[in-house]
Amino acid sequence: MAAAYCATFGGTGTLVGTGTNLTFKGIFESTFPESEGISFTQWMIAQMPQMIINVFLTWIYLQLMFMGLFRPHSKDAQIANIGIEGETVTNQVIQERYKELGGITFHEAAVAVLFITCIFLWLFRKPGFVRGWSEAITEMLNICLHTVHSSLIMKKEFAHV
C-alpha cells in the first residue's frame, strides 16, 4: 500500500509524472496563450512541497493504522514487531540476496546514466533562474546560420566585382 500511495503522490511532483499533469499544462497554455507556459522546473517548484507533505502524511497514516504507532501494546504493533531474532534473520536474507545480484552490469550503468541525463535535460531545458540549454542551442544555431548566410552573401558580392 505504501508504494502505491507514494507512487500516486510522487506522480504529482513532476510534469511527466502522470498524464493529467501534461493535460493540465496543455489546457493552461491553450487557455492563456499569452503566458510563458509551464516549464518542468516551475512545475516541480510548485508541486514538490505538497508532494512531500502528502507522502509524510501517508507514512503517518500507515504507521498509525497498520504498524501500531503510539499504541505499543495493540494487536497491530504486536504483529508488526518481529523482535531481535526476526531482524537478524531479515538482515541476513537481505544481505544474501544483495550478494546474489552481483555487480552492476554495463547495461544497468548505461540505463542509469541515460536516466540521470534525461532528468538533467528536463530540469535545465528552460529553468527560469538561468539560461537553459534550449535557449543556448537556439542562440548557437542562430549564430551559425547568420555566419553561413553572411559568408554566402560576401562570396556573391565579391563574385560580381
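Nothing here was measured: the structure is a model prediction, and the numbers come from that model.

### A look at the nonpolar core
Turning to step 1, where the next piece is worked out: Core analysis: the largest hydrophobic core is formed by five residues, namely Leu 15, Ile 38, Phe 40, Trp 43 and Met 44.
Turning to step 2, where the next piece is worked out: Those residues in contact with Phe 40 that sit more than four places away from it in its chain are Thr 14, Leu 15, Val 16, Trp 122 and Leu 123.

### What to know about the packing of aromatic side chains
Given two aromatic rings, one states the distance between the centres and the angle between the planes to describe the pair.
Turning to step 1, where the next piece is worked out: Counted under the stated rule, the structure contains six aromatic pairs.
Turning to step 2, where the next piece is worked out: Centre to centre, the rings of Phe 120 and Phe 124 are 6.1 Å apart; their planes meet at 10 degrees, and the pair counts as stacked.
Turning to step 3, where the next piece is worked out: Look at Phe 120 and you get partly exposed, because its relative accessible area is 47%.
Turning to step 4, where the next piece is worked out: A relative accessible area of 35% places Phe 124 in the partly exposed class.
Turning to step 5, where the next piece is worked out: Through a chain of ring-to-ring contacts, the aromatic side chains of Phe 24, Phe 28, Phe 32 and Trp 43 assemble into a single cluster.

### Description of the UniProt feature "transmembrane region" (unreviewed entry) in the chain
Turning to step 1, where the next piece is worked out: Those residues carrying the UniProt feature "transmembrane region" (unreviewed entry) are residues 51-70 and 104-124 in this numbering.
Turning to step 2, where the next piece is worked out: Here residues 51-70 runs as 80% helix and 0% strand, with 25 Å between its end C-alpha atoms.
Turning to step 3, where the next piece is worked out: Helix makes up 86% of residues 104-124 and strand 0%, with an end-to-end C-alpha separation of 28 Å.

### Looking at the environment of Gly 10
Turning to step 1, where the next piece is worked out: Relative to the elements of secondary structure, Gly 10 occurs in helix 1 (residues 2-11).
Turning to step 2, where the next piece is worked out: Looking at Gly 10, the relative accessible area reads 25%, which means it is partly exposed.
Turning to step 3, where the next piece is worked out: Considering only alpha carbons, one finds Gly 10 and Met 51, 41 residues apart in sequence, at a separation of 6.3 Å.

### Description of the pattern of salt bridges
Should the charged atoms of two oppositely charged side chains come close, the side chains can pair.
Turning to step 1, where the next piece is worked out: For the coordinates displayed, the defined rule picks out one salt bridge.
Turning to step 2, where the next piece is worked out: Across the salt bridge formed by Lys 25 and Glu 29, the nearest N and O atoms sit 2.6 Å from each other. Of the two residues, Lys 25 and Glu 29 are both situated in helix 2 (residues 19-31); the distance of four residues between them amounts to about one turn of the helix.

Rules and cut-offs
Every chain's residues receive numbers from 1 upward, in the order its sequence appears when written. Given that the model is predicted, a residue must reach a pLDDT of at least 70 before its local features are reported, and side-chain atom pairs must reach 80 or more before they are shown or counted; all residues, however, enter totals for whole chains, interfaces and linings. Heavy atoms from the whole structure form the basis of all side-chain values; hydrogens and water molecules are not counted. Joining through side-chain atoms within 4.5 Å is the link that ties buried Ala, Val, Leu, Ile, Met, Phe, Trp, Tyr and Cys residues into a set, and such a set is a nonpolar core. The buried label applies to any residue whose accessible area, calculated with a 1.4 Å probe on protein chains only, is under 20% of its type's maximum; exposed applies above 50%, and partly exposed to all values in between. In what follows, residue pairs with any heavy atoms lying within 4.5 Å of each other are defined as contacts. Working definition: a ring pair exists when centres of Phe, Tyr or Trp rings (six-membered ring for Trp) sit within 6.5 Å. Plane angles under 30 degrees give stacked, over 60 give edge-to-face, the rest tilted. UniProt positions are given in the numbering used here, feature names are shortened, and annotations may be inferred rather than shown by experiment. A run of H or I in DSSP becomes a helix once it reaches four residues, and a run of E becomes a strand once it reaches two; helices and strands are each numbered from the N terminus. The salt bridge definition used is simple: a Lys or Arg side-chain nitrogen within 4 Å of an Asp or Glu carboxyl oxygen.

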